[in-house]
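Coordinate analysis (summary)
Here is how the chains run, residue by residue.
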Number of protein chains: 2
Amino acid sequence: MERYLTRIEPADEAAMRAATERQLALTKPAGSLGVLEELSIRVAGMTGVCPPAVPSAAVVSVFAADHGVHAQGVSPWPQEVTAGMLANFTAGGAAVNAFAANNRVDVRVVDVGVAADVSGLDIVHAKVRPGTRDMSQGPALTGDEVMAAIQVGFDLADQLVRDGYGCLLTGDMGIANTTASAALIATFTGTTADDVTGRGTGIDDRTLAHKTEVVRSALMLHDVPATDPVGVLAAYGGLEHAALAGYILGAAANRVPVMLDGVIAGAAALVAQAIHPAAIDYCVAGHRSAEAGHAVALKALALQPLVDLDLRLGEGTGAVLAYPILSCAVRALAEMATFESAGIDDQ
Amino acid sequence: MERYLTRIEPADEAAMRAATERQLALTKPAGSLGVLEELSIRVAGMTGVCPPAVPSAAVVSVFAADHGVHAQGVSPWPQEVTAGMLANFTAGGAAVNAFAANNRVDVRVVDVGVAADVSGLDIVHAKVRPGTRDMSQGPALTGDEVMAAIQVGFDLADQLVRDGYGCLLTGDMGIANTTASAALIATFTGTTADDVTGRGTGIDDRTLAHKTEVVRSALMLHDVPATDPVGVLAAYGGLEHAALAGYILGAAANRVPVMLDGVIAGAAALVAQAIHPAAIDYCVAGHRSAEAGHAVALKALALQPLVDLDLRLGEGTGAVLAYPILSCAVRALAEMATFESAGIDDQ
């Protein structure tokens, strides 16, 4: 991993200063594009260029995996739904497909650890193992498995940038993956199971209380310090969280923005931050999900979400929904006239 | 006007019920697309069809006009900037051009009352008069002028729907138009000048205090009841507000969604609501602007903004920025697989 991490540098401050100055010259009152001005300045810092190029293409990578802790009854959905949804993604029938078609974002589906055999699907096959082990009984993964899953995400980011994508979006699919997310977020933010365990895609009060207890017990069982991110991933999983952390690190190594989806991506970004803090310079929070732990993660990452519309689906839907805001922000910085070029008196 | 108003009907409740039911069958946990589910149901009600068609094309109409009250020093910008920005729109150099190009929204610029001669520009020429009269000294417009400007907006909406646009977005340009907006919003919401007068595109504390006093005095001078919307527009203007009210009524008459931009559109929507309350069934609030009066207007309209990113530019930027959220919402309802069609067990 060290070999990869040396490629990651913080955002380029000179490009950010140039973008800040350029914003003042554009034909609009200073500051009137609000958060989009800050976002465009951040993207200049990521790419190291001012103005940054408008991404010619964007892609959402949906990392899919299953979770041994599903056996504890933390989700009302059968584990087979993970594989079923992968088939739905390839058929174009899921929400992320509809959003991606609408916003001209390509979709890559990656099996990094689905329990079922999905070898017949036209997706990226990079299964590290068929689901994690049950975190409530012991470590979910070995250290080698964690490293292999991180590598899957990092290598995919490298490949996608080579393929010409200028913005990478995160997606995820995995029944019970909000349980692993809660354990990760609690560990990296120093909060409790109560603070970060939510209803996922929809559970009742009784199941929520049980899920919270499962997370609390797992945190006590493993008690891995936040300073050991690979150990934390080994304790709780999931394989998609590890791959997403690698993907975020890979985007940073390639100096391209990575648009985060919801709570799974937030948990993975905390892992990436623990591995290399500068990786967060390349992260944009697409939205705030309705899941409790997500707000906790965003606060720890110091990221402001672009969209806040009570989505709690995952798949990358929130990232894809927010992507046009990023491209609008960059396009305004890159393409707007200046007061001078437009011949308008700017007071 | 009566002839037009009879074409406006409330949202279709049967289509909304069908959309509510369809949302439950789609391959996602019930409610997991949050506000986008409600939005898709509203659009079904507007169009009267379930699922509604994804708009094949969208257009932002930027209604431009000047304001006599500018003479009172309510804005730091010279009035000539209105015409200067129209030239910038036609050259493609403004923020709304960048956003519109990014989000595949066409741009129409309409002179409904610019003070300067802009006859040389390739825009829609529908000048009712060269700017309003100064509301602080007397009525800004005659009743006939108000009706003519409303007609401009209504007729343009009719034409755009005939041209194939499935979603109309509002835009505006007019130095000092937040002053007229404040007077309109105060009148229709029963609030005070202090509640609704803001910094527009950027004024200092002293100018804000003066602008607020100008609005307060004008409200006392005219004191037109909210039950007389044409009289209210005649008192304060502006010509773009009148045209926007007509445009909103026209969208409603044609059963297409109209995406509102910021505070100018919010004021115009209050006018439209006073003329025909069902018009608001067809309105979607694109964003919440940083201008104080906008939140007051949205509350009175009972509309929730889709985006809240501190924009305070106008031009239609907030509406264009939010448009992909509407089209994503509609596309998900129209194109997603159902649990049954995808062969997934939905518990």
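Residues numbered from 1 in each chain as written. Chains lettered and ligands numbered in written order. Predicted model: local features only at pLDDT ≥ 70, side-chain atom pairs only at ≥ 80, totals over all residues. Heavy atoms only, no water.

Our next topic: the overall build of chain A. Broken down by element type, chain A carries 15 helices and six strands. Relative to the 2.2 N^0.38 estimate, which gives 20 Å for 347 residues, the radius of gyration of chain A is 20 Å and therefore close to what a compact globule would have. When each of the 347 residues of chain A is scored for burial, the buried share is 62%. In chain A, of all internal contacts separated by at least 6 residues, the share reaching a separation of at least 24 is 77%. Looking at chain A as shown, the accessible area adds up to about 11500 Å², and 50% of this sits on carbon and sulfur atoms. Both charge centroids of chain A, one from 21 positive and one from 38 negative side chains, sit 1 Å from each other. (Helix = DSSP H or I, 4+ residues; strand = E, 2+ residues; numbered from the N terminus. Rg over C-alpha atoms; globule rule 2.2 N^0.38 Å. Buried < 20%, exposed > 50% of the residue type's maximum accessible area, 1.4 Å probe, protein only. Contact = heavy atoms within 4.5 Å. Areas by Shrake-Rupley, 256 points an atom, 1.4 Å probe, with all protein chains shown as cover. Lys, Arg positive; Asp, Glu negative; His and termini not counted. Charge placed at Lys NZ, Arg CZ, Asp CG, Glu CD.)

Here we take up the pattern of salt bridges. Inspection of every chain in the model, using the stated rule, returns 26 salt bridges over all chains. In this structure, B:Arg216 and B:Asp194 form a salt bridge, with 3.1 Å as the shortest nitrogen-oxygen distance. Residue B:Arg216 is located in helix 9 (residues 205–222), and its partner B:Asp194 is located in helix 8 (residues 193–196); the two are separated by 22 residues in the primary sequence. What makes B:Arg216 partly exposed here is its relative accessible area of 29%. Note on B:Asp194: relative accessible area 53%, which makes it exposed. One salt-bridge network, in which partners are shared between bridges, spans A:Arg129, A:Arg133 and A:Glu145. (Salt bridge = Lys/Arg side-chain N within 4 Å of Asp/Glu carboxyl O.)

In this complex, chain A contributes 51 residues to the contact, which on the side of chain B involves 51 residues. Buried area between chain A and chain B, both sides added, is near 4300 Å², and the carbon and sulfur share of it is 67%. If you look at where chain A meets chain B, you find zero salt bridges. Across the chain A-chain B interface, the total number found is 19 residue pairs in polar contact (both at pLDDT 80 or more). Per-element accounting of the side of chain A that touches chain B gives the leading share, seven residues, to helix 14 (residues 317–335) of chain A. The class makeup of the residues in the side of chain A that touches chain B is 31 nonpolar, twelve polar and eight charged. (Buried area = accessible area lost by both parts, 1.4 Å probe. Polar contact = N/O pair within 3.5 Å; in protein donor to acceptor, adjacent residues only side chain to side chain. Nonpolar A, V, L, I, M, F, W, Y, C, P; charged D, E, K, R; others polar.)

Okay, the relation of the copies chain A and chain B next. Laying chain A over chain B is done by rotating through 180 degrees and shifting 0.0 Å along the axis; what remains is an RMSD of 0.0 Å. Such a combination of turn and shift is consistent with a two-fold rotation axis. Of every C-alpha in chain A, the one belonging to A:Val307 sits nearest the axis of rotation, 3.1 Å from it. When the interface residues of chain A are mapped onto chain B, 100% of them are again interface residues, pointing to one common binding face. (Least-squares fit on C-alpha atoms with pLDDT ≥ 70 in both.)

Before going further, it helps to spend a moment on the state of the cysteines. The bond known as a disulfide is covalent and runs between the sulfur atoms of two cysteines. Summed over the entire model, instances satisfying the criterion amount to zero disulfides over all chains. In this model B:Cys328 remains outside any disulfide bridge; the closest cysteine sulfur is found in A:Cys328, 13 Å from its own. Judged by its relative accessible area of 0%, B:Cys328 is buried. (Disulfide = S-S within 2.5 Å.)

With that out of the way, let us pick up the packing of helix 14 of chain A against helix 5 (residues 95–102) of chain B. Interaxial distance between helix 14 of chain A and helix 5 of chain B falls to 9 Å at its minimum, and their mutual angle equals 135 degrees. With respect to each other, helix 14 of chain A and helix 5 of chain B are oriented oblique. Regarding helix 14 of chain A and helix 5 of chain B, the two cross each other, and that crossing is right-handed. For the pair helix 14 of chain A and helix 5 of chain B, the contacting residues are A:Pro324, A:Ser327, A:Cys328, A:Arg331 and A:Ala332 in the first and B:Ala98, B:Phe99, B:Ala101 and B:Asn102 in the second. Each residue belonging to the contact of helix 14 of chain A with helix 5 of chain B can be placed in one class, and the counts come to six nonpolar, two polar and one charged. (Axes fitted to C-alpha atoms, helices over the stretch in contact; angles between N-to-C directions. Parallel < 35°, antiparallel > 145°, perpendicular 65-115°, else oblique. Left-handed = near helix turned anticlockwise from the far one by under 90°.)

Residue and element names in this part refer to chain B. Strand order across the open sheet formed by six strands is 3-2-1-4-5-6, with parallel pairing between neighbours. At either margin of the open sheet sits one strand with a lone partner, and together these are strand 3 (124–125) and strand 6 (283–285). Where strand 1 (residues 58–65) and strand 4 (residues 167–173) come together, seven bridges link them in parallel fashion. The residue of strand 4 that forms the bridge with Ala-58 is Cys-167. (Pairing = 2+ DSSP bridges.)

Bringing the UniProt feature "active site" (unreviewed entry) in chain A into the picture now. Residue and element names in this part refer to chain A. The positions UniProt marks with the feature "active site" (unreviewed entry) are Glu-315. Considering the arrangement of structural elements, one finds Glu-315 in the loop between helix 13 (292–301) and helix 14. For Glu-315, a relative accessible area of 2% puts it in the buried group. At a separation of 3.0 Å, a polar atom in the side chain of Glu-315 contacts the main-chain amide nitrogen of Val-96. (UniProt positions renumbered as here; feature names shortened; annotations may be inferred.)

Paired through their backbone hydrogen bonds, the strands of a sheet run either parallel or antiparallel. Residue and element names in this part refer to chain A. One open sheet accounts for six strands, arranged 3-2-1-4-5-6; its pairing is parallel. What marks the edges here is a single partner per strand, and that holds for strand 3 (124–125) and strand 6 (283–285). Helix 4 (residues 80–91) contacts strand 1 (58–65), strand 2 (105–113) and strand 4 (167–173) of the sheet and is inclined by roughly 140 degrees relative to strand 4.

A word on the side chain of A:Thr197. Residues and elements named next belong to chain A. Considering the arrangement of structural elements, one finds Thr-197 in the loop between helix 8 (193–196) and helix 9 (205–222). A distance of 2.6 Å separates a polar atom in the side chain of Thr-197 from the backbone oxygen of Ala-193. Apart from residues no more than four positions distant in its own chain, Thr-197 is found in contact with Ala-182, Leu-208, Lys-211, Thr-212, Val-215, Glu-291 and Ala-292.

Let's shift gears to the side chain of B:Thr170. All names here are of chain B. Structurally, the position occupied by Thr-170 is in strand 4. A polar side-chain atom of Thr-170 sits 2.9 Å from the main-chain amide nitrogen of Asp-261. Once residues within four sequence positions are removed from consideration, Thr-170 is found in contact with Val-60, Ser-61, Leu-244, Tyr-247, Val-258, Met-259, Leu-260, Asp-261, Ala-265, Gly-316 and Ala-319.

When pLDDT is averaged across chain A, the result is 96; 99% of the residues are at 70 or more. Across the assembled chains, the prediction reports ipTM 0.97 with pTM 0.97. (pLDDT = per-residue confidence, 0-100.)

This paragraph deals with the pairing of strand 1 of chain A. Residue and element names in this part refer to chain A. Counting buried positions along strand 1 gives eight out of eight residues, so the element sits mostly inside the fold. Here strand 1 shows no split at all, with Ala-58, Val-60, Val-62 and Ala-64 on one side and Val-59, Ser-61, Phe-63 and Ala-65 on the other all buried. Examined bridge by bridge, strand 1 and strand 2 share eight bridges and lie parallel to one another. Looking at strand 2, one finds that Ala-58 is bridged to Val-105.

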